[in-house]
Amino acid sequence: MTQLSLEAIRQQLEERNFIAEKVRIVTVEAMEPEALAACTTTENETFYNSYMNVIYCRGDRYVLGYRCNEATIIDQAIIFKDGKYYDPTLQANSEGEFEAYPFAVLAEFKVFDMMTHAKNNKDFPPDVDFLFTRKKHFKNVIR
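Residues numbered from 1 in each chain as written. Predicted model: local features only at pLDDT ≥ 70, side-chain atom pairs only at ≥ 80, totals over all residues. Heavy atoms only, no water.

Asker: Whenever I open this one, the nonpolar core confuses me. Can you help?
Answerer: In summary, soluble globular proteins display a tendency toward joint burial of nonpolar side chains. Core analysis: the biggest nonpolar cluster contains 21 residues, and Leu-13, Phe-18, Tyr-66, Phe-109 and Leu-131 have the highest contact counts within it. Secondary-structure elements contributing two or more residues to this core are α1 (6-15), β2 (61-67), β5 (101-110) and α6 (128-133). A total of four residues in this core trace back to one element, the largest contributor, which is β5. Excluding anything up to four places from it in sequence, Phe-18 contacts Leu-13, Val-23, Tyr-66, Leu-106, Val-128, Phe-132, Val-141, Ile-142 and Arg-143. Within the second largest apolar cluster, 10 residues are counted, among which are Val-63, Phe-98, Phe-103 and Val-105. (Core = buried A, V, L, I, M, F, W, Y, C linked by side-chain atoms within 4.5 Å. Buried < 20%, exposed > 50% of the residue type's maximum accessible area, 1.4 Å probe, protein only. Helix = DSSP H or I, 4+ residues; strand = E, 2+ residues; numbered from the N terminus. Contact = heavy atoms within 4.5 Å.)

So, in structure tokens, the structure goes:
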């Protein structure tokens, strides 16, 4: 794993047509083992049910953006809970100790809004490509 400099992150965001100076960079932390265990899938659970469990039962907000801890930033969805950002999927699948990493936040959705969105839209769960299809709503971060 390579830690990117803030300048490298901003450059990669600009290359993807984002307004880098308006993109907030936060730190994704490790969840407590009990909270992580509650987020991970149970045997024979489908991806969709697992996803719903993590986002709706374990997070206050669904957060879209880019993981900035490798040579190239990678689009990712994480959760916001109790004032902190978490990536339970990456943490559960990481071998060894989970290391905190920087994350570029593009959009945050309240859980209630996500439930409404899920009922009305086929683009569920939303991802970074979804933001580009709704560019006029995200013009604060998209060029």
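Asker: Explanation requested: the sheet that holds β2 in the structure shown.
Answerer: Spatially, five strands are ordered β1-β4-β3-β2-β5 in a closed barrel, and the strand pairing comes out mixed. Across this sheet, the average inter-strand angle for adjacent strands is 55 degrees, counted without regard to direction. Pairing of strand β1 (residues 24-29) with β5, which is carried by five bridges, proceeds in the antiparallel orientation. Within the sheet, the bridge partner assigned to Val-26 lies in β5 and is Phe-103. (Pairing = 2+ DSSP bridges. Axes fitted to C-alpha atoms, helices over the stretch in contact; angles between N-to-C directions.)

Asker: Quick question: what am I supposed to make of the pattern of salt bridges here?
Answerer: Pairs may arise between side chains of opposite charge once their charged atoms sit close together. Tallied over the full model, the rule gives six salt bridges. Taking the shortest distance from any N to any O, the salt bridge between Arg-67 and Glu-70 comes out at 2.8 Å. Judged by relative accessible area, which is 10%, Arg-67 ranks as buried. What you see here is one network of salt bridges that share partners, running through Arg-24, Arg-61 and Glu-108. (Salt bridge = Lys/Arg side-chain N within 4 Å of Asp/Glu carboxyl O.)

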